[in-house]
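So the chains spell out like this:
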Amino acid sequence: MVRNIFLAIVSFALSGCKEENETEVTQERVRAIKTYTVTEPASGDMRSYSATLVASDTSALSFSLTGTVESVNVTAGEKVLRGDVLATLDNRPFEFDRDAAMAELVSAQARRAEKQAELDRQSTLFERGWVAQAALDQAIAAAEGADAQLDLARSRLSTAERNLNNAVLTAPFDGVVASRDVDPFQDVPAGQALFQLNAQGALEIVASVPDAMVSRIFLGTTADVSVPTVAGCGCTARAIEIGQASGSANAVEIRAALLDGPAGLIPGMSAEIQITVESASSETGYLVPLTAIAPGDENAPGYVFIFDPAARVVRKTPVRGADTALNNLVSIV
C-alpha cells in the first residue's frame, strides 16, 4: 500500500513538471521594436528663398564726442576682445576742460565755506538780538546760492571727466571688426559710425518672403540652409523673427537662427533657405522616416505601426502621403 502511494505521488510530480514545461514552450515571445516619436504636425509645401548670412549681434561703434582721431589700433577682419581699445581722440582739449572744471570746483568750495561761516556768524548775532531778521535771511540766501554753485561745479567736473574717458573707444563685446571707416588725424563728429563690430560665432539668416506667404510661416519653423561658396553646408536654421510690415517688392523680412554649420561661414555670404510653409488645404500630417512606412496594398498606399502605450500593443494603421518631403523624412496624413 505504501509503495502504491509513493508511485502515485511520483507520477503526479512528473505530470506536473511536464505541464509546466509545455506551458513554457508555448509562451509567446515578446519581440523588441524600434520606435520613432512624432513630436510636431508637419504639413505644407517647401519654398526656397534667397537669403544672407548676418551676425546675430552686431554694433556700429562711434565716439560720443566731436574731435580729432589720434590713433586707430585695429583693421577690418581683426578679432578683438571686450575692452580692447579700437581708437582714441586727441584728449588735450578734454584735459583742458577737466582742469578748468576742477579749478571751478575748488573756487566754489571756497565760496561755500565763506558763506557758511558768514551764516554761522549772523545766526549767533541774531540769537543775541544784535542783528535784524533781514541780515540773517540775507546770509541764508547767500549760503544757499553757494551750495548751488558748488553742485554745478561738481556736475561740470563729472562731465569733463566723462568726456575725457569717452575719448577712448573700446570694444563692447568679443567679436570681429567687420568694417573700419576712420583713419588717424581725421576730424569726426559725435555719433558718426567708425567701426562695425560683429559678435563672433553665432550667425543668423535673413530672407525676404512674399507678403502673401508670411501668414503660412510660424516662429520656430525649421529650415534647411545652403551656402554655394562653402562646401558641405548642410545647415539647419529655426525662424526667430517674422516682420510685420511689407517692404519693397511686397516682401517681408524673416530672420532665422543658424543652429549648426561648417567652418568658413561669415556674415555677408549669400545663401538659400528652404522652409516648410503651411499648406493652403486644411489637412495636417506628420514627418516620419521613410523606413517607418510599410508597403501598401489594394486598401492603402502604405502603413505605419502605431504603439498604444495604454494597451501596450502595436496597431497597423493605413496612411497616405502628402507632398512635403525633407531630407529622409516624408509627410503623411
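Refer to the structure above for everything that follows.
Because the structure is a prediction, the values reported are computed rather than measured.

1. Considering the sheet that holds strand E1 (residues 45-55)
Spatially, the 6 strands close up into a barrel ordered E1-E10-E13-E12-E11-E14, and their pairing is antiparallel. With strand direction ignored, the average angle separating the axes of adjacent strands in the sheet is 40°. Of the strand pairs in this sheet, strand E12 (residues 235-242) and strand E13 (residues 251-258) are connected by 5 bridges, and their pairing is antiparallel. The residue bridging Arg238 from the neighbouring strand is Ala257, located in E13.

2. Some points on the packing of aromatic side chains
Inspection of every chain in the model, using the stated rule, returns 0 aromatic pairs. Stacked on the ring of Tyr303, the Lys or Arg Lys316 has its end atom at 4.4 Å from the ring centre.

3. Quick notes on a nonpolar patch on the surface
Together, Phe305, Phe307 and Val314 make up an exposed nonpolar region whose accessible area comes to about 280 Å². Residue placement: Val314 occurs in strand E18 (residues 313-319).

4. Side note on helix H3 (residues 133-165)
The end-to-end C-alpha separation of H3 is 49 Å, in line with the 48 Å expected for 33 residues at 1.5 Å each. Inspection of H3 places Leu136, Ala139, Ala143, Ala146, Leu150, Ala153, Leu157, Ala160, Asn163 and Leu164 among the buried residues, and these make up the whole buried set. Lining the buried residues of H3 we find helix H2 (92-127).

About the thresholds
Residues numbered from 1 in each chain as written. Predicted model: local features only at pLDDT ≥ 70, side-chain atom pairs only at ≥ 80, totals over all residues. Heavy atoms only, no water. Pairing = 2+ DSSP bridges. Helix = DSSP H or I, 4+ residues; strand = E, 2+ residues; numbered from the N terminus. Axes fitted to C-alpha atoms, helices over the stretch in contact; angles between N-to-C directions. Phe/Tyr/Trp six-rings, centres within 6.5 Å; stacked < 30°, edge-to-face > 60°. Lys NZ or Arg CZ within 6 Å of the ring centre and 35° of its normal. Patch = residues over 30% accessible without salt bridge, like charges linked within 9 Å, V, L, I, M, F, W, Y side chains within 5 Å. Areas by Shrake-Rupley, 256 points an atom, 1.4 Å probe, with all protein chains shown as cover. Salt bridge = Lys/Arg side-chain N within 4 Å of Asp/Glu carboxyl O. Expected span 1.5 Å × (residues − 1). Buried < 20%, exposed > 50% of the residue type's maximum accessible area, 1.4 Å probe, protein only. Contact = heavy atoms within 4.5 Å.

Shape is all these values report; function is a separate question.
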